[in-house]
Amino acid sequence: MPKDTLTIRDNRTGKTYEIPIQDESIRAMDLRQIKSAEGDFGIVTYDPALLNTAVCRSSITFIDGDKSVLNYRGYPIEQLAEQSNFLEVAYLIVNGNLPSPKQYMKWESEITHHTMVHENVKKFMDGFWHDAHPMGILVGTVGALSTFYPGAKDIFNPDCRRRQSHRLIAKMPTLAAFAYRHSCGMPYAYPDNDLSYAGNFLNMMFKMTEVKYKPDPVLEKAIDVLFILHADHEQNCSTSAMRVVGSSQVDPFSAMAAAVAALYGPLHGGANEEVLKMLGEIGSVSKVPEFIKKVKNGEGRLMGFGHRVYKSYDPRARIIKHMAEQVFDVQGSSPMLEVARELERIALQDDYFVTRRLYPNIDFYSGLIYQSMGFPTSMYPVLFAIPRTAGWIAQWEELILDPEQKISRPRQLYSGAARREYVPLAQRAGARTPADSPRPG
Ligand code: ACO
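For clarity, every value in this text was computed on a predicted model and none was experimentally measured.

Asker: Explain the overall build of the chain to me, using residue names and the numbers behind them.
Answerer: Within the chain, the regular secondary structure consists of 17 helices and five strands. Each principal axis of the C-alpha distribution contributes one length, and for the chain these read about 85 × 75 × 55 Å. Buried positions account for 46% of the 441 residues belonging to the chain. Intrachain contacts of the chain at a sequence separation of at least 6 include 70% that bridge at least 24 residues.

Shown next, in the form of structure tokens:
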């Protein structure tokens, strides 16, 4: 009968070790017993960027990249996008199960009643320069919330954690929309508690002089679906930032400022902006074959294609593509949509892309939708941060409650100088002697 173990022979010493395998993994700490001499530190694993290291157990999001599967708490993303709404999905992600009707009403009321921010947050925002990037403003203001709610430090108190979850999910759209309006010099629009989560966000973004803002139902639904699709994606860069910083037991507002900062990077939250730039450079459907040829010759990448985890069609991209068509029916088509469709059509039958398993990812169509709805490109990562807040909070709480977790503190392989003795400045090569000094007078 095969044993669930891994046998390792250390050829330096001739010793053999038997390491247990559980859940297709071995514990890195089991390798520490492997030493070439008594007193050695023991073997560590070297894994820059954590390409093959599981850092936690998580029951939130399941991805099977080969089979195009993305489930939140077991529910397929397709079913959630079609039948649920973002607030319910946020409840599911944070609490683990779908709410009962009574639980849903309570949750909706709790989130709706936390959408306002303290007036001093507005003053704080006013301090940013007029052209400040809204993502920079968001990093600062989310972190600043920790000073408004000092009680949030009580992270082992479940009631306290719940309160901060409500605050964060409720206030992120407000902070995001205020950041946008600050950057274009428009007065802030206050939350409207009669509207849905997505509808209220559109209200705070785009309300002008009308007494009551009425979101277009197709655009409201599109934003809601986009929020659902972005709500969590297991241990990505910003979620890892949330967990690493949260592991120091800091309050969740401070940890989330780190997560937002991670999302600000072009390799994470900025890819859809790159897609738009690329479509603009291509310019027209007739130029698509020429562009594909360049990509195949190694001159640039087809942005919005390929994914580290999905090696078949990104399930979120399929939903977004359908959504994009509905949005363009309302907003009017864009020549860029035609270019995108033609790129996809050619790439999906081209050997270069097929053999490398390169398919459209979530960013291929999302930027086009945001553009047609009137969001400036600087808001794209902000639109990602709002729904991801639910995932960040759920992942943070999972970390706080996991008895196996400790403060995050990776190892390194030191490659610097060996020990050397300090030499005072005056004795180092090139030091000035008294004779070099100019004589007074
Ligand atoms: N266009 C053309 N060729 C590509 C692309 C692309 N978009 N992506 C990968 N390839 C090629 C590579 O050149 C490489 O070819 P080779 O084997 O001949 O050298 C092969 O496919 C494998 O590429 P890797 O870079 O090893 O794949 P990896 O999994 O590391 O990269 C990534 C994934 C970063 C997403 C990549 O596909 C890419 O750069 N895509 C474009 C940017 C993008 O759309 N990013 C958004 C991702 S989704 C998100 O973050 C929310």
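Asker: So what's going on with the state of the cysteines? Which residues, and what values?
Answerer: With the rule as written, the count across this model stands at zero disulfides. Unpaired in terms of disulfides, cysteine 56 finds its nearest cysteine sulfur in cysteine 237, a separation of 14 Å. With relative accessibility at 19%, the residue cysteine 56 sits in the buried group.

Asker: Now, about the pairing of strand β2 (residues 15-20): what can you tell me, with residues and values included?
Answerer: Alignment of strand β1 (residues 5-10) against β2, held across six bridges, turns out to be antiparallel. For leucine 6, the partnering residue across the bridge sits in β2 and is isoleucine 19. Following β1, the chain reverses through four residues before pairing antiparallel with β2; glycine 14 in that reversal takes a positive phi of roughly 80°.

Asker: Could you give an account of helix α14 (residues 335-349), naming the residues involved and the relevant values?
Answerer: With 15 residues, α14 should cover 21 Å at 1.5 Å per step; its first-to-last C-alpha distance of 22 Å lies within 8% of that length. Taken together, the buried positions of α14 are occupied by Met336, Leu337, Val339, Ala340, Glu342, Leu343, Glu344, Ile346 and Ala347. Structurally, α14 contributes buried residues whose contacts are with α11 (271-282), α12 (288-296), α13 (315-331), α15 (351-355) and α16 (363-372). Near the N-terminus of α14, the side chain that reaches the backbone nitrogen of methionine 336, with its oxygen 2.9 Å away, is that of serine 334.

Asker: So, the packing of aromatic side chains: which residues are in play, and what are the values?
Answerer: Considering all chains together, one arrives at 19 aromatic pairs under this definition. Ring centres of phenylalanine 86 and tyrosine 197 lie 5.0 Å apart, and the angle between their planes is 35°; on these two criteria the pair is classed as tilted. Within this pair, whereas phenylalanine 86 is found in helix α2 (residues 86-95), its partner tyrosine 197 is found in helix α7 (residues 197-206), the two being separated by 111 residues in sequence. Summarising the aromatic geometry, the rings of phenylalanine 201 and phenylalanine 375 are spaced 6.2 Å apart at their centres and angled 10° between planes, so their arrangement reads as stacked.

Asker: Provide a residue-level description of a nonpolar patch on the surface, including the pertinent values.
Answerer: Side chains of Phe41, Val44, Tyr46 and Leu413 sit close together on the surface and give an oily, nonpolar patch of about 420 Å² of accessible area. When you line up the elements, leucine 413 lands in the segment after α17 (380-401).

Asker: Got a sec to walk through the nonpolar core? Specific residues and values, please.
Answerer: Most often, soluble globular proteins have nonpolar side chains that are buried together. Core analysis: the biggest nonpolar cluster contains 113 residues, and Tyr72, Phe201, Leu279, Leu302, Leu343 and Phe375 have the highest contact counts within it. With 13 residues, α17 is the single largest residue contributor to this core. Residue contributions to this core reach at least three from each of two domains, namely domain 2 (82-269 + 378-401) and domain 3 (271-372). Those residues within four positions of leucine 302 in sequence are excluded, and the remaining contacts are Met278, Phe291, Ile292, Val295, Leu343, Ala347 and Phe353.

Asker: For the sheet that holds strand β5 (residues 75-76), give the residues involved together with the corresponding values.
Answerer: Here we have three strands laid out as an open sheet, ordered β3-β4-β5, and antiparallel in their pairing. In the strand order of this sheet, the two ends are held by β3 (61-64) and β5, each with one partner. Sheet topology places strand β4 (residues 69-72) next to β5; two bridges connect them, and they run antiparallel. Among the inter-strand pairings, asparagine 71 is bridged to a residue of β5, identified as proline 76.

Asker: Lay out the domain arrangement of the chain in plain terms, naming residues and giving numbers.
Answerer: Structurally, the chain comprises domain 1 (5-46), domain 2 (82-269 + 378-401) and domain 3 (271-372). For domain 2 versus domain 3, the separation of C-alpha centres amounts to 28 Å. Taken together, the contacts link 16 residues of domain 2 with 20 residues of domain 3. Among the residues of domain 2 in contact with domain 3, Leu229, His233 and Tyr380 are the three that bury the most area, contributing 39% of the side total.

Asker: Describe the site of the ligand, with residues and values.
Answerer: Surveying the vicinity of the ligand reveals 18 residues, the closest of which are Arg301, Leu302, Gly304, Phe305 and Asn361. Between an oxygen atom of the ligand and a side-chain N or O atom of lysine 311, the distance comes to 3.3 Å. A distance of 3.0 Å separates an oxygen atom of the ligand from a polar side-chain atom of arginine 356. For the ligand, whose free accessible area comes to 930 Å², the fraction covered by protein is 66%.

Asker: Lay out the packing of helix α6 (residues 158-183) against α17 in plain terms, naming residues and giving numbers.
Answerer: The geometry of α6 relative to α17 is characterised by a closest axis approach of 9 Å and an angle of 165° between their N-to-C directions. Judged on the interaxial angle alone, α17 and α6 are roughly antiparallel. As α6 packs across α17, the resulting crossing turns out to be right-handed. Taken together, the residues of α17 that come into contact with α6 (itself represented by Arg161, Ser165, Leu168, Ile169, Met172, Pro173 and Ala176) are Val382, Ala385, Ile386, Thr389, Ala390, Trp392, Ile393, Trp396, Glu397, Ile400 and Leu401. Among the residues making up the contact of α6 with α17, the classes are represented as 14 nonpolar, two polar and two charged.

Asker: Explain the pattern of salt bridges to me, and be specific about the residues and the numbers.
Answerer: All chains considered together, the criterion is met by 21 salt bridges. A salt bridge links lysine 212 to aspartate 194, with the shortest nitrogen-to-oxygen separation between them at 2.7 Å. Here lysine 212, found in the loop between α7 and α8 (217-229), pairs with aspartate 194, found in the loop between α6 and α7; they are 18 residues apart in sequence, far enough to count as distant. Close ionic contact of glutamate 325 with arginine 341 constitutes a salt bridge, the shortest N to O distance being 3.5 Å. Here glutamate 325, found in helix α13, pairs with arginine 341, found in helix α14; they are 16 residues apart in sequence, far enough to count as distant. Classification of glutamate 325 by relative accessible area gives partly exposed; the value is 30%. For arginine 341, a relative accessible area of 30% translates into the label partly exposed. In the salt-bridge network here, residues are joined through shared partners; they are Asp192, Asp194 and Lys212.

Thresholds, definitions, all that
- What you see as residue numbers is a count from 1 along each chain, following the sequence as written.
- Per-residue local features of the predicted model are confined to residues with pLDDT of at least 70, and side-chain atom pairs are confined, for both listing and counting, to 80 or more; whole-chain, interface and lining totals are unaffected and use all residues.
- Each side-chain value is derived from all of the structure's non-hydrogen atoms; neither hydrogens nor water enter the calculation.
- By the criteria applied, helices consist of DSSP H or I runs no shorter than four residues and strands consist of E runs no shorter than two, each listed in order from the N terminus.
- Between buried and exposed lies partly exposed: a residue is buried under 20% and exposed over 50% of the maximum accessible area for its type, with that area taken using a 1.4 Å probe on protein chains only.
- Should any heavy atoms of two residues lie within 4.5 Å, those residues are counted as being in contact.
- Only a pair of cysteine sulfur atoms within 2.5 Å qualifies as a disulfide here.
- Paired strands, in this sense, are two strands between which DSSP finds at least two bridges.
- For a helix, the expected span equals 1.5 Å multiplied by the residue count minus one.
- A 3.5 Å cut-off defines polar contacts: any pair of N or O atoms within that distance qualifies, except that in protein one atom must be a possible hydrogen donor and the other a possible acceptor, and neighbouring residues in sequence count only when both atoms are side-chain atoms.
- Any Phe, Tyr or Trp ring, taking Trp's six-membered ring, that has another such ring centre within 6.5 Å forms a pair; planes under 30 degrees apart are called stacked, those over 60 apart edge-to-face, and the others tilted.
- Exposure above 30% relative accessible area and the lack of any salt bridge qualify a residue for a patch; like charges then connect within 9 Å, and the nonpolar side chains Val, Leu, Ile, Met, Phe, Trp and Tyr within 5 Å.
- Here, Shrake-Rupley sampling with a 1.4 Å probe gives the accessible areas, and only protein chains in the shown set may cover a residue.
- Salt bridge, as used here, is a side-chain nitrogen of Lys or Arg placed within 4 Å of a carboxyl oxygen of Asp or Glu.
- Remark: nonpolar core denotes a set of buried residues (Ala, Val, Leu, Ile, Met, Phe, Trp, Tyr, Cys) joined through side-chain atoms within 4.5 Å.
- Domains are outlined according to an automatic or database domain assignment.
- Summed over both partners, the accessible surface that disappears when two parts come together, traced with a 1.4 Å probe, is what is meant by buried area.
- The near set for a molecule or strand comprises every residue that places at least one heavy atom within 4 Å of it.
- Only C-alpha atoms enter the line fits that serve as axes; for helices the fit covers just the stretch in contact. Angles between N-to-C directions range over 0 to 180 degrees.
- Angle categories are assigned with fixed cut-offs, so that under 35 degrees is roughly parallel, over 145 is roughly antiparallel, 65 to 115 is roughly perpendicular, and the rest are oblique.
- For any pair of crossing helices, the crossing counts as left-handed if the nearer helix is rotated counterclockwise from the farther one by less than a right angle, and right-handed if it is rotated clockwise.
- Three classes are used: nonpolar for Ala, Val, Leu, Ile, Met, Phe, Trp, Tyr, Cys and Pro, charged for Asp, Glu, Lys and Arg, and polar for all others, with Gly counted as polar.

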